[in-house]
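Notes for the structure review
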Amino acid sequence: MTIPDTGLMMMDNGASCLPVPPDEERRVVEELTGKAEANLKEGNVYFVVSNRWYCCWQKYVRQNSDRYLADEPSLDSQRLKVVSSEMAERPGPIDNSDIISDEHCEGDQLELRRMLEEGRDYVLVPQQVWEKLFGWYKGGPALPRKMISQGYHNKSYSVEVYLLCLKLIDSRDNSQSIIRISRKASTHDLYEKVCILRKVDVAKVNIWDYFNKQKTLLLDRPNKTLEEESLQMDQDILLEVQVDGVPHSGNGMDSTRNDLALVVLEPSRSSMTIAGGPTMSNGHSSGYNFYQRSGLSSSSSRTEDGYDVFNSANKGERGGLAGLQNLGNTCFMNSAIQCLVHTTPIVEYFLQDYTEDINMENPLGMRGELALAFGELLRKLWSSGRTTIAPRAFKAKLARFAPQFSGYNQHDSQELLAFLLDGLHEDLNRVKKKPYIEAKDSDGRPDREVAGESWRYHKARNDSIIVDVCQGQYKSTLVCPVCGKISITFDPFMYLTLPLPSSVTRTMTVTVFYGDGSGLLTPFTVTVLKHGCCKDLTQTLGAACCLRADECLLLAEVYEHRIYRYLDNSLDLSSIKDEDYIVAYRLPKVGAGRTKVEITHRWLERVGPDTFKGHERKFSGTPLVMYLAKDSLCGEDILGAVGKVLSPLRRVYSPSKSSSEKASSFVSKDGEESSSSSNGQSGPGNDEMEGVEDDSSGELPLFQLSLVDDRGANHKPIHRDTVISGQTVKIVLDWTERELEQYDASYLMDLPEVHKSGFTVKKTRQEAISLFSCLDAFLKEEPLGPDDMWYCPGCKEHRQATKKLDLWKLPDILVVHLKRFSYSRYLKNKLDTFVNFPTHNLDLTKYVKSIDGQSYVYELYAISNHYGGLGGGHYTAYAKLIDENRWYHFDDSHVSPVGEADVRTSAAYLLFYQRVKTDSGVRVGETSQSHMSS
């Protein structure tokens, strides 16, 4: 439910607008935050605040940066840690403009930009904290959001930052409106909101789930939430208004269609059966009906997944080639599902009658609902030919039982896979009542005996198709460094998470500006130590741009065309994100009495045609910085200095030049023309530039300059006789048509990012690491961390023991997770290293410590890929159809064949291997009947 903007009512009890000491502000906010955290409940109101402004406020109140880092390890908080020691100015009014979308909303609702991340782009503050901040600083706009409860087993609370956005189509005239409403709102709430918006009587209204422009379900259950009705972000809903008792559908829209029922995802109270049909060796549909109406029946008519099961199956198209529609950043889910639904024993199991295995009593399970939802989705994917499926019902179940995957943000496909495998196991656990088994120590017994005992105990409590085919067993050895006590345990695992040897360098692009106007700006891409500091970057950049002994580089981050912060030499490079814009000003080494002058630019831009403003001045371009060797300056000094620093951008016209050549010329010292193709090589030095006049007539340029305060406000025009003092002078240059004709301002535009990441992944085979080297790193002996101490039963003390893992038992389906993402208190990172993994004959025999006569040779059959950087990117999947020995690329709804040589890329994230069967003549890709009958 949307909360109206509270506007200026935030001043409680007539509180004074007089500034409060920063320490007092910090104390008040900490106290109110603590009270709010101690009273979490559904309906609490929080406000979204731009992280940019909030970091400035935290810097001002000198909040404990170490505590802040522990609570929220964002990169912006790391910046706060470095700059918090500086004297910080009081921030200006709260400014949320950088997180607000420009999309049009009904009424006065404000929508956030999509894909924002908490801690990086915004923070959430309790209502009482917002009221205090607003009383102290004003600004805004206010962005209130409500707290909702989520989860089935354990209720958790989260703030619904993004409301459900629905596109309402009025069948009377096909007009469209945007509805924003909580996904926890009821269908009754939706009817009320729509009727108020369209000014119609609720008694005459029908609202349809109109997903993919199909009437899939009449929303007529008033007590159901929109989340339970599987409504998705940005989908269509259809409004029908009755005229004389007859629904008016308009434009020939079919209002009498009664879609056939799909299989319900909630178990029926009656005896439950699933018709299986003949077993197939490769798990592909051969033209039989999977469903019985008397079994799993639906309480509502819905063709929610984009097709009619009973009419679309068996059209002569082979199974396994259906894509999955993206429901709003669900590519992570689609990728994991495609890998799992192309796992042969899983396919064969779910295409049969598995109802006897449904465990509705397991307190760790989901009453069988997750298994039924997944089984239904798998059947659709294998029966629909090439029809794209929209997995809405499955996503709804996922959100109910795993609220961490609810909403519309990007998530991790490995985390989704881990939850799904564990959830399927608990829902299909054949053990209805788990016995209590006391763990025993190895006490020097043979490994085979202890391992066998541990596996029997595990199977006594955990027995499912997932355990049968996906679970293996570790041997874990702990050694006390003091008394030498050895503890050996054997633990089950579902997948192998292998570390990647971390790359130690990164490339960074920084644009170098000449503070004395001696040359054009030049972007340099340099290689630095990933875990170094800004001093390393400055030194490497100085060598790249041939910095002289009497010069220095001043690093700064540019945000919204203004200097956001200067980068101290001690600042960790990990605090600079790839999407940041970093510049370096090439300046003379600072001596006593020098004044730093910052110049920002404004352009006159046309405002939208629906306003009366006409034109408006907006910040643009890249700021410039220079030093002037005077304690006290006058306007004439500033005018001359600005003309000097802009001189490389001055246009030179000659009759023989074309218009395009004019636009790319600039002036050098002696008046010779140089083209921008020179790549901005260094011009003359400081001394040589002293005699260069900006204007060809020898007069000072007539720039429109204004003196501003630290926040860029309070503009005061600068005239020739204006007296200016201070260590730092901030100036705004308002560009007019005159300047734009004389200077080529395009050089100040379009700064390159620190590192431009794309979705195209190159196979850097020469820098590849072997999958076996990742496995060796995983299995090597290493000491436990100080935060992961082991309680030694010999010493009766916590010790920093050494730990060694070994593989004891490997499953038929081996999932390898390449640990490309690393998260720590101070660093978030993704490795794009190419891992050289085999597609055939992955032989792990030498790594397995047990000798049981099984084959430990594996064949690759599926890959989950991740492209791009942290906090976003895109997931796809490769999967192999075993019976035709051909690979396919699954990119959400798009499915296409791909060559086997092309599936090995540096985007590989999850690798799915199947054991090569050598006993009883079973071929590669086939599975014994024991997997299906167990």
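Each remark here, short or long, concerns the structure printed above.
So, here's what we can say about the structure. Along each chain, residue indices are assigned from 1 in the same order as the chain's sequence is written. Only residues with pLDDT of 70 or above have their local features reported here, since the model is predicted, and side-chain atom pairs are shown and tallied only from 80 upward, although totals for entire chains, interfaces and linings are computed over all residues. Note that the side-chain values use all heavy atoms of the structure and ignore hydrogens as well as water.

Remarks on helix H20 (residues 771-779)
Each residue's exposure class comes from its accessible area (1.4 Å probe, protein chains only) as a fraction of the maximum for that residue type: buried when under 20%, exposed when over 50%, partly exposed otherwise. Numbering goes from the N terminus for both helices and strands, where a helix is a DSSP run of H or I of at least four residues and a strand is a run of E of at least two. If you check which residues of H20 are buried, you get Leu771, Cys774, Leu775, Phe778 and Leu779. Here the buried residues of H20 occupy an arc of 130° about the axis, which is enough to place them on one side. With a side-chain oxygen lying 3.0 Å from the backbone nitrogen of Phe772, the N-terminal cap of H20 falls on Ser770. The arc in question is formed by the directions pointing from the helix axis toward the C-beta atoms. Identification of polar contacts relies on pairs of N or O atoms within 3.5 Å, with a donor-acceptor requirement for protein atoms, meaning one able to donate a hydrogen and the other able to accept it, and with residues adjacent in sequence counted only if both atoms are side-chain atoms.

Some points on the environment of Glu449
You can see Glu449 is positioned in helix H13 (residues 447-461). Here the side chain of Glu449 touches Arg445 through a polar contact of 3.4 Å, side chain to side chain.

Section: the sheet that holds strand S34 (residues 802-809)
When DSSP finds at least two bridges between two strands, those strands are taken to pair. Strand order in the open sheet made by the four strands is S14-S13-S34-S31, with antiparallel pairing throughout. One side of each edge strand has no neighbouring strand; the edge strands of this open sheet are strand S14 (486-493) and strand S31 (782-783). Sheet topology places strand S13 (residues 472-479) next to S34; seven bridges connect them, and they run antiparallel. What sits directly across from Lys475, in S34, is Asp806.

A few points about unusual backbone geometry
The step from Gly140 to Pro141 runs through a cis peptide bond, and the omega angle for that step is 0°. As for its placement among the helices and strands, Pro141 is situated in the loop between strand S4 (139-140) and strand S5 (144-150). With phi around 70°, Asp234 is a residue other than glycine that occupies positive phi space.

Quick notes on the pairing of strand S8 (residues 176-181)
Two strands pair when backbone bridges link them, and strand S7 (residues 164-170) and S8 are joined in this way by six bridges, in the antiparallel orientation. Considered in S8, the bridge of Leu164 is made with Ile181. Linking two consecutive strands that pair antiparallel, namely S7 and S8, is a turn of five residues; a positive phi of about 65° is found at Asn174 within it.

Concerning the nonpolar core
One finds Phe350, Phe374, Leu378 and Phe394 to be the most contacted residues of the largest nonpolar core, which totals 61 residues. By residue number, the principal contributor to this core is helix H10 (residues 369-383), which donates nine residues. Residues count as neighbours in contact if any of their non-hydrogen atoms are within 4.5 Å of one another. Discounting chain neighbours no more than four positions away, the residues touching Phe374 are Leu340, Val341, Ile346, Phe350, Phe394, Leu420 and Leu424. With 39 residues, the next largest nonpolar core counts Tyr627, Leu628, Ile638 and Ile718 among its residues. Here, nonpolar core means buried Ala, Val, Leu, Ile, Met, Phe, Trp, Tyr and Cys residues that are tied together by side-chain atoms lying within 4.5 Å of each other.

Observations regarding helix H1 (residues 22-37)
Along its 16 residues, H1 runs 22 Å from first to last C-alpha, staying within 8% of the 22 Å computed at 1.5 Å per residue. Structurally, H1 contributes buried residues whose contacts are with strand S1 (45-50), helix H2 (51-61), strand S3 (122-126) and helix H5 (127-137). Any helix carries an expected span of 1.5 Å times its number of residues minus one.

Some details on the pattern of salt bridges
Proximity of charged atoms lets side chains of opposite charge pair with each other. A side-chain nitrogen of Lys or Arg and a carboxyl oxygen of Asp or Glu constitute a salt bridge if their distance falls within 4 Å. For the structure shown, the criterion picks out 43 salt bridges. Here Lys35 makes a salt bridge to Glu31, at a shortest N to O gap of 3.6 Å. Here Lys35 pairs with Glu31, and both are found in helix H1, just four residues apart, close to one helical turn. Since its relative accessible area comes to 53%, Lys35 is described here as exposed. The exposure class assigned to Glu31 is partly exposed, which follows from its relative accessible area of 37%. Put simply, Lys475 and Asp447 hold a salt bridge, and the shortest N to O gap is 2.7 Å. Of the two residues, Lys475 is situated in strand S13 and Asp447 in helix H13; the sequence distance between them amounts to 28 residues. For Asp447, a relative accessible area of 24% corresponds to the partly exposed category. A network of salt bridges, in which partner residues are shared, links Asp357, Arg430, Lys459, Asp463 and Asp468.

Notes on the environment of Asp902
Summarising the element assignment, Asp902 is placed in the loop between strand S43 (894-898) and strand S44 (908-915). Looking at Asp902, the relative accessible area reads 41%, which means it is partly exposed.

Some thoughts on the packing of aromatic side chains
For this analysis, a ring pair means two rings from Phe, Tyr or Trp (six-membered ring only for Trp) whose centres lie within 6.5 Å, classed as stacked if their planes differ by under 30 degrees, edge-to-face if by over 60, and tilted for the remaining angles. Evaluation of the coordinates by the stated rule reveals 20 aromatic pairs. Ring centres of Tyr875 and Tyr909 lie 6.3 Å apart, and the angle between their planes is 50°; this geometry places the pair in the tilted category. Here Tyr875, found in strand S41 (residues 874-881), pairs with Tyr909, found in strand S44; they are 34 residues apart in sequence, far enough to count as distant. The burial state of Tyr875 is the same as that of Tyr909; both residues are buried. By definition here, charges over rings are those cases where NZ of Lys or CZ of Arg is within 6 Å of the ring centre and within 35 degrees of the ring normal. The ring of Trp208 has Lys215 lying over it, and the distance from NZ or CZ to the ring centre is 4.4 Å. Taking the ring centre of Phe619 as reference, the NZ or CZ of Arg562 above it sits at 4.1 Å.

Remarks on the sheet that holds strand S18 (residues 551-559)
What the five strands build is an open sheet, ordered S17-S16-S20-S18-S19; its pairing is mixed. Every interior strand has two partners, whereas the edge strands, strand S17 (522-529) and strand S19 (562-566), have only one. Between one strand axis and the next, the sheet turns by 45° as a mean value, whatever way the strands run. Sheet topology places strand S16 (residues 505-514) next to strand S20 (residues 582-588); four bridges connect them, and they run parallel. Counterpart to Thr511 in the pairing with S20 is Val583. Axis definition: a line fit to C-alpha positions, over the contact stretch in the case of helices; interaxial angles, taken between N-to-C directions, run 0 to 180 degrees.

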